[in-house]
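Okay, here's what each chain looks like letter by letter:
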Amino acid sequence: SVTSQSVFLIKCPLFLPFLFFKFKDDSKQTYRIIDKLLNLAEISQFNCRALHDGKVDLILLHILNHDPMVNINGYKLNLTELINDEIMNSKNTIKMIVDLVILICSSKSNGEVANYFTQILTLPNDNLRSINLTLDILISILLSLSNEPKNQYEIGNISEFCTVEGLQSNVLKNHFSFFFML
């Protein structure tokens, strides 16, 4: 069962695009997939980063902007059936997609996603709805970045369980040690 204490559940993000490929003609199943991915993204930033690594943000941006051809690691994914479906164009689905893209891009992004955002806003586009949705996403991401992060340093390889908060960076310049009691 998934709880708020779960660290990460997506162990192999490389396979995430296959979900969209497998169910590209089934909007009800794709809706359920997006809903589950949103739930996972709300649990942990590790899941958000895994969703980015699986190019879910890029796929969702293509769906939002009615751009059916997505290039995933050199393979073309045609989402025409999905994009033209009534379920995928409902307000509830669009809100879920926008929320999920914001969570993913606030945790991790790259030049490919930034380039796609730029294309949407700069290339000739008659779809005012997609431009407005893209601007809403970018504004939300930028507003989330205005918060100053806490000092947090990872210890070991399981970051969520092993962190030290509030440690001043000048302490790392001197000698220090950790003591653990079991």
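Reference entry: report on the structure contained in this document.

Criteria and thresholds
- Residues numbered from 1 in each chain as written.
- Predicted model: local features only at pLDDT ≥ 70, side-chain atom pairs only at ≥ 80, totals over all residues.
- Heavy atoms only, no water.
- Buried < 20%, exposed > 50% of the residue type's maximum accessible area, 1.4 Å probe, protein only.
- Helix = DSSP H or I, 4+ residues; strand = E, 2+ residues; numbered from the N terminus.
- Pairing = 2+ DSSP bridges.
- Axes fitted to C-alpha atoms, helices over the stretch in contact; angles between N-to-C directions.
- Parallel < 35°, antiparallel > 145°, perpendicular 65-115°, else oblique.
- Contact = heavy atoms within 4.5 Å.
- Nonpolar A, V, L, I, M, F, W, Y, C, P; charged D, E, K, R; others polar.

## Side note on the pairing of strand S1 (residues 69–72)
In step 1: The side-chain alternation of S1 yields one buried face, formed by Val-70 and Ile-72, and one unburied face, formed by Met-69 and Asn-71.
In step 2: Pairing analysis gives four bridges linking S1 to strand S2 (residues 75–78), with the strands arranged antiparallel. Its bridge partner being in S2, Met-69 is matched across the sheet by Asn-78.
In step 3: Following S1, the chain reverses through two residues before pairing antiparallel with S2; Asn-73 in that reversal takes a positive phi of roughly 50°.

## A short note on the packing of helix H3 (residues 45–53) against helix H6 (residues 91–107)
Packed helices, taken two at a time, are described by the angle between their axes plus the distance between the axes.
In step 1: It is the contact of H3 with H6, at a shortest axis distance of 8 Å, that shows an interaxial angle of 95°. Classed by the angle they form, the pair H3 and H6 counts as roughly perpendicular. Here H3 contributes Gln-45, Cys-48, Arg-49, Leu-51 and His-52 to the contact with H6, which in turn contributes Leu-100, Leu-103, Ile-104 and Ser-107.
In step 2: Residues belonging to the contact of H3 with H6 are distributed by class as follows: five nonpolar, three polar and one charged.

## Thoughts on the environment of Met-69
In step 1: Within the secondary structure, Met-69 sits in strand S1.
In step 2: Judged by its relative accessible area of 37%, Met-69 is partly exposed.
In step 3: Note: C-alpha distance between Met-69 and Ile-59 (ten residues apart in sequence) is 9.2 Å.
In step 4: Apart from the residues within four sequence positions on either side, Met-69 is in contact with His-62, Lys-76, Leu-77 and Asn-78.

## Some details on helix H4 (residues 56–64)
Think of an α-helix as 3.6 residues a turn; residues three or four steps apart then line up on the same face.
In step 1: Of all the nine residues making up H4, nine are buried; the element is thus mostly covered by neighbouring parts of the structure.
In step 2: Along H4, the residues classified as buried are Val-56, Asp-57, Leu-58, Ile-59, Leu-60, Leu-61, His-62, Ile-63 and Leu-64.
In step 3: Taken from the residues just after H4, His-66 is the one with a positive phi, measuring 50°.

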